[in-house]
Amino acid sequence: MKIPAALNMFLLLCVGASVARGLITPEKINNIEERLRATEVILSELKRENEALRRFTRALETKLEPLQAENTARKVAFSAGLLASGTQHTGPFEDSRTLVYQKIFSNIGNAYNSNTGIFTAPVKGVYFFRFYGHSHAANKMAVSLHKNKERQCSVYSHKPESNLNGNGSNGVVLTLEKADEVYTQLWKDSWVYDEDSSFTSFSGFMLFPL
């Protein structure tokens, strides 16, 4: 690294003025020049070390970026109730229907879509899911959890007696590939009931990545 020209000029002027006054001898001038050369060497070395540190920092940031992205993807959890508000029976329908849970309690990682009712795995891993269904007297309630259109487990209540309600819950641990879909479906000719207390709900979270 070179000493700036302005600083060099300033030092020469100072030295020249001192020589003119007899304050600096030729030996002292030589000593100053040696010190200046030594300072240039030190500054050059510091510049090389600073550049090496800058390259190391860039390489470290490059390695950390995918690790940070993977760590963010591991934070996956959601829980939702069927109705955003109010009281309502859903069903019966002439065919099976995907239930769309609209009251979001949590959706860390945004893997659950409240517009479609579908959870999409952001990374390959092992996940846990649980769902609840509720029905009133004389109404059959049947709900299944599906993985990529394949039924995994179900809850069922066959027309509870008068003045009784039907409830069911089930849970399952699934190994999912990235982009696998998990959702619940209401069986044809069946009902579920929900209200502000969120008796009918769907939840899930990742246990660990693979």
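Values in this document were obtained by computation on a predicted structure and should not be read as measured data.

About the cut-offs
- Position labels on residues start from 1 in each chain and follow its written sequence.
- Confidence filtering applies because this is a predicted model: local features only for residues at pLDDT of at least 70, side-chain atom pairs given and counted only at 80 or more, and all residues used for totals across whole chains, interfaces and linings.
- Hydrogens and waters are ignored; side-chain quantities use all the structure's heavy atoms.
- For Phe, Tyr and Trp, rings pair up if their centres lie within 6.5 Å, where Trp contributes its six-membered ring, and each pair is then called stacked (planes under 30 degrees apart), edge-to-face (over 60) or tilted (otherwise).
- Numbered from the N terminus, helices here are DSSP runs of H or I no shorter than four residues, and strands are runs of E no shorter than two.
- Note on exposure labels: buried denotes an accessible area under 20% of the residue type's maximum, exposed denotes more than 50%, and partly exposed covers the range between, all computed with a 1.4 Å probe on protein chains only.
- Only when DSSP finds a minimum of two bridges between them are two strands counted as paired.
- Only the contacting stretch of a helix is used when fitting its axis, a line to C-alpha atoms as for every element, and angles between N-to-C directions run 0 to 180 degrees.
- Salt bridges are defined by distance alone: a side-chain nitrogen of Lys or Arg within 4 Å of a carboxyl oxygen of Asp or Glu.
- Patch construction takes residues with relative accessible area above 30% that form no salt bridge. Like charges are linked within 9 Å, and nonpolar side chains (Val, Leu, Ile, Met, Phe, Trp, Tyr) are linked within 5 Å.
- In these tables, accessible area is a Shrake-Rupley quantity obtained with a 1.4 Å probe, and a residue counts as shielded only by the protein chains included in the view.
- Side-chain atoms within 4.5 Å are what join buried Ala, Val, Leu, Ile, Met, Phe, Trp, Tyr and Cys residues into a set we call a nonpolar core.
- Only heavy atoms matter for contacts: two residues are in contact if any of them lie within 4.5 Å across the pair.

Undergrad: I'd like to hear about the packing of aromatic side chains, residue by residue, with values.
TA: If you walk through the whole model with that rule in mind, you get 12 aromatic pairs. Ring geometry for phenylalanine 78 versus tyrosine 112: centroids 5.1 Å apart, planes at 5 degrees, classification stacked. With phenylalanine 78 in strand S1 (residues 77-81) and tyrosine 112 in strand S5 (residues 112-113), the pair connects residues that are 34 residues apart, well separated along the chain. Each member of the pair, phenylalanine 78 as well as tyrosine 112, is classed as buried. An aromatic cluster is present here, built from Phe78, Tyr101, Tyr112, Phe119, Tyr127, Phe129 and Phe202 joined pairwise through their rings.

Undergrad: A description of the sheet that holds strand S10 (residues 166-176) should follow, citing residues and the corresponding values.
TA: Read across the open sheet, the five strands follow the order S4-S1-S13-S7-S10; overall the sheet is antiparallel. Looking at strand neighbours, the two that pair on one side only are strand S4 (103-108) and S10, the edges of this open sheet. Put simply, the sheet's adjacent strands are angled 10 degrees from each other on average, direction ignored. In this sheet, strand S13 (residues 201-209) lies alongside S1 in antiparallel orientation, the contact comprising five bridges. Note that in S13 the partner of alanine 80 across the bridge is phenylalanine 202.

Undergrad: I'd like a description of the pattern of salt bridges, backed by residues and values.
TA: Per the counting criterion, the structure on display carries six salt bridges. Its salt-bridge partner being arginine 48, residue glutamate 45 comes within 2.2 Å of it at the nearest N-O pair. Note that glutamate 45 and arginine 48 are positioned in helix H2 (residues 26-74) at a spacing of three residues, about one turn of the helix. Taking the shortest distance from any N to any O, the salt bridge between arginine 54 and glutamate 51 comes out at 2.7 Å. Of this pair, arginine 54 and glutamate 51 both sit in helix H2, three residues apart, which is roughly one turn of that helix. Taking relative accessible area as the criterion, arginine 54 reaches 39% and is therefore assigned partly exposed. Judged by its relative accessible area of 30%, glutamate 51 falls in the partly exposed class. Salt bridges linked by common partners bring Glu51, Arg54, Arg55 and Arg58 together as one network.

Undergrad: Give me the lowdown on a nonpolar patch on the surface, citing residues and values where you can.
TA: Residues Val173, Phe205, Leu207, Phe208 and Leu210 make up a contiguous nonpolar surface patch of roughly 470 Å² in combined accessible area. If one sorts the elements of the nonpolar patch by residue count, S13 sits on top with three residues. Along the polypeptide, leucine 207 turns up in strand S13.

Undergrad: Any details on the nonpolar core? Residues and values, ideally.
TA: If you look at the biggest cluster of nonpolar residues, it comprises 26 residues, and the most contacted ones within it are Phe119, Phe129, Leu145 and Phe202. At the level of elements, S1, strand S7 (125-135), strand S8 (141-147), strand S9 (150-157), S10, strand S11 (181-186) and S13 are the ones that each hand at least two residues to this core. Dropping the residues within four chain positions of it, phenylalanine 129 is found in contact with Phe78, Phe119, Leu145, Asn170, Gly171, Val172, Leu174, Leu176, Val182, Phe202, Ser203 and Gly204.

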